[in-house]
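Architecture and fold: a report
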Amino acid sequence: NTYEIAKRYEKEYPDIVKAVHQENGGHGEAVNTGIKNATGLYFKVVDSDDCLGKNALKQVLDLLEKMVEEDAGLDMLITDFLYDKVGQKHKKVMRYKRSMPVGKMFTWDDVKFGKSQYLLMHSVIYRTKVLRESGMVLPKHTFYVDNIYVFQPLPYVKNIYYLDVVLYKYFIGRDDQSVQQDIMIKRIDQQYRVTKIMLDVYNDSLVNNKNLDNVMVHYFDMMMCVSSILSIREGSEERLKDKEKLWKQLEETNPELYGIVRNSLLGRTMNLPGKFGRKCSVVGYKVVNKFFGFN
């Protein structure tokens, strides 16, 4: 009854709710339409099986209202998020307070991520204007486009604020979920497509801040790792060749980026030679997965 619920909200709250109906174009096209129709100064994506903490949301809205009143020029608000993983008693919270200042406006000069930290869709609220200025158009009928959503606008962000609250509860581990490993292997073509788009975005971006560049390279390194490990887990000759083609494309289009990513810990782990090397890659992936708790 989603349609009826949406129309009821629109009727009850006409100043803040707008229901937009379109042919199903997947997650990316829904976000594209949201950005086109948004009238708010700030933009947040919430997936249908996730939720926001009520008290944290109030703090976020209070802060954004203050930023607007002061004309502070905030481009991106970062908050913590929680992995609500099925069957896990202790839920993992991703916090950023060791990587950036807390409770004040800052720039990329003040950001330094650890090896296991990434900006994800769950952790960012963008100024709507920034999303539009970036020219981002997410591909239709493609999973994993939330990575492009976070990645492409980053060079257009100047002013950042980190609020140390757990706003987003990311529900994970449902059997039919797009990030379940078996499903990701079946949809590996879409993972490759997103990774290649991010490579094009990086190659076309004018990044003149070292810390921002580090954040983007760190993110892209993770995407190459995911694409590679899915190919290795799938195991067919065709997929292993696709993996090599992806690395070759990176080397040919951006040798400098290739050198950084290929020689990173993830890059070296995903490119160990031979069957034994691939087995070691899988073991390493499982250990990291167990330690950090991602899917």
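Located above this text is the structure these notes cover.
Just so we're clear, the structure is a prediction, and the values are computed from it rather than from any experiment. (Residues numbered from 1 in each chain as written. Predicted model: local features only at pLDDT ≥ 70, side-chain atom pairs only at ≥ 80, totals over all residues. Heavy atoms only, no water.)

With that settled, consider unusual backbone geometry. Although it is not a glycine, histidine 141 sits at a positive phi angle of roughly 50°. One can find histidine 141 in the loop between helix H4 (128–133) and helix H5 (146–151). Note on histidine 141: relative accessible area 55%, which makes it exposed. (Helix = DSSP H or I, 4+ residues; strand = E, 2+ residues; numbered from the N terminus. Buried < 20%, exposed > 50% of the residue type's maximum accessible area, 1.4 Å probe, protein only.)

Throughout the structure, instances matching the rule amount to 10 aromatic pairs. Each ring, one from tyrosine 118 and one from tyrosine 219, has its centre 6.3 Å from the other, and the planes form 75°; the classification is edge-to-face. With tyrosine 118 in the loop between strand S5 (105–106) and strand S6 (124–127) and tyrosine 219 in helix H8 (residues 210–234), this pair connects stretches of sequence that are 101 residues apart. Judged by relative accessible area, which is 15%, tyrosine 118 ranks as buried. Aromatic rings pair up to connect Phe81, Tyr83 and Tyr170 into one cluster. Against the face of phenylalanine 143 rests arginine 187, its NZ or CZ located 3.7 Å from the ring centre. (Phe/Tyr/Trp six-rings, centres within 6.5 Å; stacked < 30°, edge-to-face > 60°. Lys NZ or Arg CZ within 6 Å of the ring centre and 35° of its normal.)

Moving on, we get to helix H10 (residues 255–262). Looking only at H10, the buried set comprises Leu257, Tyr258 and Val261. What you see down the axis of H10 is that its buried residues fit within an arc of 105°, all on one side. The exposed residues of H10 that point more than 90 degrees off its buried face are Pro255 and Glu256. Looking at the buried positions of H10, the neighbouring elements they touch are helix H7 (188–204), H8, helix H9 (237–253) and helix H11 (265–269). (Arc of directions from axis to C-beta. Contact = heavy atoms within 4.5 Å.)

Okay, the state of the cysteines next. On inspection of all chains with the given rule, the structure shows 0 disulfides. The closest cysteine sulfur to the non-disulfide-bonded cysteine 280 is located on cysteine 225, 15 Å from its own sulfur. (Disulfide = S-S within 2.5 Å.)

Another point: the pairing of S6. In this sheet, S6 lies alongside strand S1 (residues 42–43) in antiparallel orientation, the contact comprising 2 bridges. Bridging across to S6, tyrosine 42 finds its partner in arginine 127. One ladder, built from 3 bridges, connects strand S3 (residues 76–85) with S6; its direction is antiparallel. From the neighbouring strand, isoleucine 78 faces S6, where its bridge partner is valine 124. (Pairing = 2+ DSSP bridges.)

Together, Ile5, Tyr9, Tyr13 and Ile16 make up an exposed nonpolar region whose accessible area comes to about 420 Å². Turning to its location among the elements, isoleucine 16 is positioned in the loop between helix H1 (2–12) and helix H2 (26–37). Relative accessible area serves as the criterion here: at 71%, isoleucine 16 is assigned to the exposed category. (Patch = residues over 30% accessible without salt bridge, like charges linked within 9 Å, V, L, I, M, F, W, Y side chains within 5 Å. Areas by Shrake-Rupley, 256 points an atom, 1.4 Å probe, with all protein chains shown as cover. Salt bridge = Lys/Arg side-chain N within 4 Å of Asp/Glu carboxyl O.)

Attention now moves to the nonpolar core. Within the largest apolar cluster, 71 residues are counted, with the highest numbers of intra-cluster contacts made by Met76, Trp108, Leu119, Tyr126, Tyr149, Leu154 and Leu250. A total of 13 residues in this core trace back to one element, the largest contributor, which is H8. Leave out the neighbours within four places in its chain, and tyrosine 149 touches Val31, Ile35, Phe43, Val45, Met121, Val124, Tyr126, Leu131, Met136 and Leu138. Counting 13 residues, the second largest nonpolar core, distinct from the first, contains Leu64, Leu77, Ile125 and Tyr161. (Core = buried A, V, L, I, M, F, W, Y, C linked by side-chain atoms within 4.5 Å.)

Evaluated as defined, the whole model comprises 12 salt bridges. The salt bridge partner of glutamate 10 is lysine 7, with a shortest N-O separation of 2.9 Å. Taken together, the residues span about one helical turn, with glutamate 10 and lysine 7 both in helix H1 at a distance of 3 residues. Here arginine 239 makes a salt bridge to aspartate 242, at a shortest N to O gap of 2.9 Å. Placement of both arginine 239 and aspartate 242 in helix H9 is noted, with a separation of 3 residues, approximately one turn of the helix. We classify arginine 239 as buried; its relative accessible area is 13%. Put simply, Asp80, Arg95 and Asp164 are held in one network by salt bridges that share partners.

The next thing to look at is the packing of H8 against H9. Two numbers describe how H8 lies on H9: the axes approach to 8 Å, and their chain directions differ by 160°. Overall, the two elements H8 and H9 adopt an arrangement that is roughly antiparallel. Seen from above, H8 lies across H9 with left-handed handedness. Listed contacts from H9 to Phe220, Met224, Ser227, Ser228, Ser231, Ile232 and Glu234 of H8 are Arg239, Leu240, Lys243, Leu246, Trp247 and Leu250. (Axes fitted to C-alpha atoms, helices over the stretch in contact; angles between N-to-C directions. Parallel < 35°, antiparallel > 145°, perpendicular 65-115°, else oblique. Left-handed = near helix turned anticlockwise from the far one by under 90°.)

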